[in-house]
Amino acid sequence: MAISSSFKSSPFLHCGPNAETDSLAILHLKRDLLIPTVLRSHDELNEGYSEGKVSNTRFGSFPHSTLIGVPWGSQVRASIVDTGSRGRKGWEGKGKKRKRDKESQAQDDVAGVEKKQKVEVESKAAVKAATGFVHLLPPTPEIWTASLPHRTQVVYTPDYSYILHRLRVTPGTVLIEAGAGSGSFTHAAARAVYNGHQNTNTEDSTQDSIMKRWGKVWSFEFHEQRAQKLQEEIEEHGLNGIVELTYRDVCQDGFTPNDTPASELKANAIFLDLPAPWLALKNLTRASPSSPLSPTTAIHLCTFSPCIEQVQRTITTLRTQGWTEIEMVEIAAHRIEVRRERVGLAEEGLRGVNDSPASVDEAIERLREVEGRSRIFRNEGNEGEEQATAPGPAQVSKQQRLENIRHALEGRKLYKEGRLIHRAEPEIKTHTSYLVFAILPRGWSEEDEELAQGKWPAKAEVKEENGGPISKRQKKKGAKTRAGGNKELEIEASMKA
Amino acid sequence: MKQELVQPHAYVALRLPSDSTIVVQVLPNTVSTISIGKYGAFQANNILGRPYHLTFEIRDSVTSDGKAQSGLRIVPAAELYADIKDEAPETPTEAEAGNLGASGDGVEYEIVGQNGEVVMRTNRRITDDPSSQIMTMDEIEALKAQSTGSGKELIAKILESHSALDQKTAFALAKYTLRKTKKYLRRFTVVPLDVATLARWILTDKEPMKIMELREEILSMIGSWSNVHCTPSVSTPSLDGEGMQTKGGRWLVVDETAGLLVAYMAEKMAILHPPDHNGEEAEGKVLSKQETDAVNGDDSIGNPATKHVVAPPPDHLRPRKTSGPGTTNTITLIHANAQPNLSLLKYFHFDAFNPSISHPLESHLKTLSWLQLLSPEDDMGCAEPEIVSEETIQSWKSGKRSNHFRKRRRWERINFVVDETRAGEFDGLIVASIMNPVSILRHTVPLLRGAAQVVVYSPTIEPLVELSDYYSTGRRTAFVTNPPDFNSMPTEDFPLNPTLLLAPTIQTARSRSWQVLPGRTHPLMTGRGGSEGYVFTATRVLPAEGKIEARGTFKRRKVDDGVTRNSSRQENAASGDSGSMEIDAS
Ligand SMILES: C[S@@+](CC[C@H](N)C(=O)[O-])C[C@H]1O[C@@H](n2cnc3c(N)ncnc32)[C@H](O)[C@@H]1O
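Residues numbered from 1 in each chain as written. Chains lettered and ligands numbered in written order. Predicted model: local features only at pLDDT ≥ 70, side-chain atom pairs only at ≥ 80, totals over all residues. Heavy atoms only, no water.

Focus: the overall build of chain A
Step number 1: Within chain A, the secondary structure is distributed over 14 helices and 15 strands.
Step number 2: A burial count over chain A gives 54% of its 497 residues as buried.
Step number 3: When contacts within chain A are restricted to residue pairs at least 6 apart in sequence, those whose partners lie at least 24 apart make up 72%.
Step number 4: Of the roughly 22800 Å² of accessible surface on chain A, 51% is carried by carbon and sulfur atoms. (Helix = DSSP H or I, 4+ residues; strand = E, 2+ residues; numbered from the N terminus. Buried < 20%, exposed > 50% of the residue type's maximum accessible area, 1.4 Å probe, protein only. Contact = heavy atoms within 4.5 Å. Areas by Shrake-Rupley, 256 points an atom, 1.4 Å probe, with all protein chains shown as cover.)

Spelled out as structure tokens, the structure:
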């Protein structure tokens, strides 16, 4: 896949009003059916269509010439494209799954769409099709997480949202991440740390680079193909300079990126999505000469492990290495579907409804009818067996009834009928992983403390070391007037020494 | 970024042994003390200039041998966990080995065997008798009064005096110890009052209704789905060929959480902290021995050429260098009352009524009322103050003159904000309001650019269910098939234009906290009740003109068999596609 280096900015961080050539774009077919594709003004792979590059989907074909320059968020009609007799192989990937292993299936979700067959050479304008459309969206980390080619388990939106929140990742944070896996967390983290681009092109940019703490994601992955694939994506998504990926085993070899000494990272947040995070922790102490930790900030850490045993080992290790405020939580998230539920005899024969009686009255109505029918049946039953095969009056009336119901459908506004209900989506994730959080306070030596005491001497009767004590009474008084742990306390005393 | 060291005048959170939090402002050099209720009191100067996340212990004024001592002691991390006997890892570390000694005061109430196995006792023969606590409350008080320590000795004494102690099971004993610890340990941890801590404090300790019971899990989801982030101000050659600067990163918000949401967004957009309250700059300069790690404030985002060769001096306001009057990374707030309620912004040193010029929110936060947005001609503030001739102005007293200019400036600003807001093209919308979301979205969705994200928070689900119903697939199909007269909108059937939002979804999340201790790992047994909290998310889209017909398979209700991961869900996930049955009708 060709890598464009012409991005000024990532479409994840900034997108202009219109879809631009070489930008990653998302074709939204419907909820959870999202196809990422890189917009190309020409069929650079020279594989195919007279219209240039084309994305084929279940809902129609979309030559990129009909997407480029269109405002983001537009609903775009499908075009009539000769997909060729053999052109259906990679169609949409997700829809009709063939017997393929998961990995290549996942790859097809993205790449497969762009596979094309050679049809003719001269380029022509796209012709609108009668039906079919997609919505053209710029990528966001949420959309990417829902559409990315899975190479590993990934961290989904509810978890990464909470993790980034608890890690206090804000613009300017320097975050270490391992292992990068499929890059789901990576993209969300990149958006969160971003606070401007380091200009690597201009000569005199070095000064700025030193001065400003640029938000950055230092990412590590020890699986070679995964690392390679993610590196391609990072570049294609315009995230280079924000995400720095290194192919390395962080447990064995620590957190030293390519080309950068670990001591220059000065990370203040860490996310470990590894099978044995406790093995990586030894490389995340302040003591180590190749420590990637910022010496002047507190470090926020999160580990993400599916099993409780992993959590216990991690926490045991954290306790011995100076980490504090250790907490463990799980996140349970689910979506809720909203629909209109229609119940009743009037729905008989329709789909997506419950056509049993909606009320006692309807039940009685139905019972009376059945009662009446069987009375006829009993009366006539004595007369012979042909009754069973001949269409009885009851059956005719049912057919008629269904016909009537179907007819009546035309005039009904089903979208506002029935009862408006909500319920959890059919399948909910009850467990993703356990999230362990911890904080390593900034190192604080005795000299540091002495300096601070010099700068902020204790006041009044309390003097350094050998001064008088705060009187008990005073303390009591303070406690009395301000007691109650829930109240916000403000000291209103004068600022004078 | 936040400060790393406690700065004068900063608001900080103090986490107490009881797990409750209090918030105090740290005023420097004052004689009066900061009280943490029954745990004691200390001087602000004792925590100033110290790093956050340290745990302090309030020392008694007199040591056991009668010598006076002062203030606070920093509790080393190892000591914090000294009472927990973790099973030894394969290779015990020094810290682990040192733990036993670290508690130092000879208190022994470990309940787990040397090599990690729990010394199990059963509670069959223990009677639950309050009299088994032999010390009376008075005795405990007396002991407290003469106590010279941190509370640890006291706890040990209480435990010793508990006659049934030997009978307690390990589990119960651990719980008992924990309870006593929470009650008597005189420790606190200083935590920076960032938006997350503020949100948690108000929810659990202060006034949950003030922030509409917004939990952190939900708040963080709002952050993600709204896509709110720091946006580069890129000068891109626009498609029409003129090299104009692109506007970007403009979010619209309806915030009735007293400004929590605005603060949260501002933090993510790097406009919450004034440069001198910015950790990037402050870091490392309070103590001169720390390496100076000077960095620019966030205001330099739009201005990469700015250089700071020397870190600016601490505790001094610098004039803000703006990259123009807020064209990128801006928040536009629409409020229901004459004035917005942004009271929580005071914790970030921003006063909406009297904004300091040095605070980035001064130019990046814009506010207007619903009246100003929808009917500016009816708003007094939007009416132009009369234009007075130069001579007349000169003849006025200076007070009247400056009053005149102030009025005109205010009018210019509000007019600018109104025009700009009505011109729309916002990158996203976040709503947390007790008003009906239908009425809010009716007026705000049209102000969004294509692909803008919409997030609506509600403490209860009902308003969002109603909202989703108005955007259901069935309703949208009916709308497209038989469009109502545009001028008659909103109609009874279509209170909102259902074609403007894509993939409306309701979701919720909840965290569950665990206790992780050797042999005693389990979820915490109580949590916060009250409102669950939900978010509605959707994407603003630009519907194609003219009739448009769907293609494909969604006439079939059947779930595609090959689809495993997400797609099986999509057929009937929240409102957007839940209406597939209705489509059959059209
Ligand atoms: C579950 S995946 C991470 C998924 C990722 N967080 C995401 O959201 O897409 C775990 C990854 O860690 C990598 N990994 C495991 N041990 C590692 C180590 N010691 N060093 C670096 N990477 C490692 C694995 O190759 C795998 O790709």
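Examining the overall build of chain B
Step number 1: From N to C terminus, chain B includes 19 helices and 15 strands.
Step number 2: The buried share among the 586 residues of chain B stands at 59%.
Step number 3: In chain B, of all internal contacts separated by at least 6 residues, the share reaching a separation of at least 24 is 69%.
Step number 4: Split by element, the accessible area of chain B, about 24800 Å² in all, is 53% carbon and sulfur.

A look at empty space enclosed by the protein
Step number 1: Overall, the coordinates contain 15 cavities of 30 Å³ or more when judged by the stated rule.
Step number 2: Empty space within the second largest cavity amounts to approximately 310 Å³.
Step number 3: Forming the boundary of the second largest cavity are 25 residues, of which Arg166, Arg168, His300 and Ile439 of chain A together with His53 of chain B lie nearest the centre.
Step number 4: Counting residues per element, the ones that place at least two in the lining of the second largest cavity are β11 (299-305), β12 (324-341) and β14 (434-440) of chain A together with β7 (187-192) and α6 (195-206) of chain B.
Step number 5: Sort the elements by how many residues they give to the lining of the second largest cavity and β14 of chain A lands first, with 3 residues.
Step number 6: In terms of residue class, the lining of the second largest cavity is made up of 10 nonpolar, 6 polar and 9 charged. (1 Å grid on protein atoms, 1.4 Å probe; cavity = no way out; pocket = protein on both sides within 12 Å on 5 of 7 lines; lining within 4 Å. Points joined across faces, edges and corners; volume = space filled by probe spheres on them. Nonpolar A, V, L, I, M, F, W, Y, C, P; charged D, E, K, R; others polar.)

Remarks on the site of the ligand
All names here are of chain A.
Step number 1: Around the ligand sit 22 residues in total, of which Glu221, Arg226, Asp249, Val250 and Asp273 are the nearest.
Step number 2: A distance of 3.1 Å separates an oxygen atom of the ligand from a polar backbone atom of Gly183.
Step number 3: For the ligand, an oxygen atom lies 3.1 Å from a polar atom in the backbone of Phe185.
Step number 4: Of the residues in the shell around the ligand, the class split is 9 nonpolar, 8 polar and 5 charged. (Near = heavy atom within 4 Å. Polar contact = N/O pair within 3.5 Å; in protein donor to acceptor, adjacent residues only side chain to side chain.)

Details of a nonpolar patch on the surface
Residues and elements named next belong to chain A.
Step number 1: A grouping of Val360, Ile364 and Leu367 is seen on the molecular surface, where their side chains present a nonpolar patch of about 290 Å² in accessible area.
Step number 2: Position of Val360 relative to the elements: it lies in helix α10 (residues 360-381).
Step number 3: Among the residues examined, Val360 registers a relative accessible area of 60% and is labelled exposed. (Patch = residues over 30% accessible without salt bridge, like charges linked within 9 Å, V, L, I, M, F, W, Y side chains within 5 Å. Salt bridge = Lys/Arg side-chain N within 4 Å of Asp/Glu carboxyl O.)

Here we look at the packing of aromatic side chains
All names here are of chain A.
Step number 1: Per the counting criterion, the structure on display carries 12 aromatic pairs over all chains.
Step number 2: Between the aromatic rings of Tyr162 and Phe437, the centroid separation amounts to 5.9 Å while the plane-to-plane angle is 75 degrees, which identifies the pairing as edge-to-face. Residue Tyr162 is located in helix α3 (residues 157-166), and its partner Phe437 is located in strand β14; the two are separated by 275 residues in the primary sequence. This pair shows no difference in class: Tyr162 is buried, exactly as Phe437 is. (Phe/Tyr/Trp six-rings, centres within 6.5 Å; stacked < 30°, edge-to-face > 60°.)

Focus: a positive patch on the surface
Residue and element names in this part refer to chain B.
Step number 1: A cluster of basic residues, Arg406, Lys407, Arg409 and Arg410, forms a positive patch at the surface.
Step number 2: Within the secondary structure, Lys407 is located in helix α13 (residues 398-423).
Step number 3: Of the residues examined, Lys407 reaches a relative accessible area of 48% and is grouped as partly exposed. (Lys, Arg positive; Asp, Glu negative; His and termini not counted. Charge placed at Lys NZ, Arg CZ, Asp CG, Glu CD.)

Some remarks on the pattern of salt bridges
Residues and elements named next belong to chain A.
Step number 1: Within the structure shown, the criterion is met by 37 salt bridges over all chains.
Step number 2: Of the charged contacts, one joins Arg151 and Glu233 as a salt bridge, the two residues approaching to 2.9 Å between their closest N and O atoms. Note that Arg151 is positioned in the loop between α2 (141-147) and α3 and Glu233 in helix α6 (residues 224-236), a separation of 82 residues in sequence. Accessibility classification places Arg151 together with Glu233 in one group, the buried group.

What to know about the confidence of the model for chain A
All names here are of chain A.
Step number 1: Mean pLDDT over chain A works out to 80, with 75% of the residues at or above the 70 mark.
Step number 2: Under a pLDDT of 50 for its full length, residues 1-7 has, in the predicted model, 14 contacts with residues more than four places off or in other chains.
Step number 3: Taken together, the stretch residues 201-210 has pLDDT below 50 and engages in 12 contacts with residues farther than four places along the chain or on a different chain. (pLDDT = per-residue confidence, 0-100.)

Concerning the confidence of the model for chain B
All names here are of chain B.
Step number 1: Chain-level pLDDT for chain B is 75 on average; 64% of the residues reach the 70-or-more range.
Step number 2: Per-residue pLDDT stays below 50 along residues 236-243; that stretch engages in 8 contacts with residues further than four places along the chain or on separate chains.
Step number 3: Taken as a whole, residues 553-586 scores under 50 in pLDDT and shows 99 contacts with residues more than four places along the chain or in a different chain.
Step number 4: Scored as a whole, the predicted complex attains pTM 0.81, and scored at its interfaces, ipTM 0.83.

With respect to the packing of α6 of chain B against helix α8 (residues 260-268) of chain B
All names here are of chain B.
Step number 1: Axis separation between α6 and α8 bottoms out at 10 Å; the angle between their running directions is 160 degrees. As far as their axial angle goes, α8 and α6 are roughly antiparallel. Considering only the axes of α6 and α8, their crossing is left-handed. Counting all contacts with α6, which are made through Val195, Leu198 and Ala199, the residues of α8 involved are Leu260, Ala263, Tyr264 and Glu267.
Step number 2: Of the residues in the contact of α6 with α8, the class split is 6 nonpolar, no polar and 1 charged. (Axes fitted to C-alpha atoms, helices over the stretch in contact; angles between N-to-C directions. Parallel < 35°, antiparallel > 145°, perpendicular 65-115°, else oblique. Left-handed = near helix turned anticlockwise from the far one by under 90°.)

Observations concerning the side chain of Glu348 of chain A
Step number 1: If you trace the backbone, Glu348 of chain A turns up in the loop between β12 and α10.
Step number 2: Look past the residues within four positions of Glu348 of chain A in its chain and what remains in contact with it is Asp355, Arg366, Lys398, Arg401, Leu402 and Ile405 of chain A.

Quick notes on unusual backbone geometry
Step number 1: A cis geometry characterises the amide bond from Ala178 of chain A onward to Gly179 of chain A, with omega recorded as -15 degrees.
Step number 2: Summarising the element assignment, Gly179 of chain A is placed in the loop between β7 (174-178) and α4 (184-193).
Step number 3: In the Ramachandran plot, His349 of chain B falls in the positive-phi region, its phi being about 60 degrees despite a non-glycine side chain.
Step number 4: Along the polypeptide, His349 of chain B turns up in the loop between β9 (328-335) and α10 (360-364).

Some details on the pairing of strand β3 (residues 54-57) of chain A
Each regular strand carries side chains that alternate between the two faces of the sheet.
Residue and element names in this part refer to chain A.
Step number 1: Side chains of β3 alternate between two faces, with Val54 and Asn56 and Ser55 and Thr57 buried alike.
Step number 2: Across 4 bridges, the pairing between β3 and strand β4 (residues 60-63) is antiparallel. Bridge pairing in β4 places Val54 opposite Pro63.
Step number 3: In textbook terms, the turn of a hairpin is the stretch between consecutive antiparallel strands, and for β3 and β4 this stretch comprises 2 residues. (Pairing = 2+ DSSP bridges.)

Digging into the side chain of Gln75 of chain A
Step number 1: Relative to the helices and strands, Gln75 of chain A resides in strand β5 (residues 75-80).
Step number 2: From its side chain, Gln75 of chain A meets the backbone nitrogen of Ala544 of chain B in a polar contact 2.8 Å long.
Step number 3: When residues no more than four places from it in sequence are discounted, the contact partners of Gln75 of chain A are Phe133, Val134 and His135 of chain A together with Leu542, Pro543, Ala544 and Ile548 of chain B.

Here we look at the environment of Thr170 of chain A
Step number 1: With respect to the helices, strands and loops of the structure, Thr170 of chain A is situated in the loop between α3 and β7.
Step number 2: The exposure class of Thr170 of chain A is buried, given its relative accessible area of 6%.

Overview of the environment of His197 of chain A
Residue and element names in this part refer to chain A.
Step number 1: Looking at the secondary structure, you find His197 in the loop between α4 and α5 (206-211).
Step number 2: Considering only alpha carbons, one finds His197 and Asn240, 43 residues apart in sequence, at a separation of 9.6 Å.
Step number 3: Leave out the neighbours within four places in its chain, and His197 touches Trp214, Gly238, Asn240 and Ile242.

Focus on the environment of Pro504 of chain B
All names here are of chain B.
Step number 1: Among the secondary structure elements, Pro504 is positioned in strand β13 (residues 501-515).
Step number 2: Owing to a relative accessible area of 0%, Pro504 belongs among the buried residues under this scheme.
Step number 3: Separated by 34 residues in the primary sequence, Pro504 and Ala538 place their C-alpha atoms 4.4 Å from one another.

Brief notes about the packing of helix α7 (residues 216-226) of chain B against α8 of chain B
Residue and element names in this part refer to chain B.
Step number 1: Running from N to C, α7 and α8 point in directions that differ by 50 degrees, and their axes come no closer than 11 Å. By the angle class used here, α7 and α8 are oblique. Handedness of the α7/α8 crossing: right-handed. Facing Leu219, Ser220, Ile222 and Gly223 of α7, the residues of α8 in contact are Leu261, Tyr264 and Lys268.

Concerning the state of the cysteines
Residues and elements named next belong to chain A.
Step number 1: The final tally for this structure, using the stated rule, is 0 disulfides over all chains.
Step number 2: We note that Cys302 lacks a disulfide partner, and the nearest cysteine sulfur, in Cys307, lies 16 Å from it.
Step number 3: The buried category is assigned to Cys302, whose relative accessible area is 0%. (Disulfide = S-S within 2.5 Å.)

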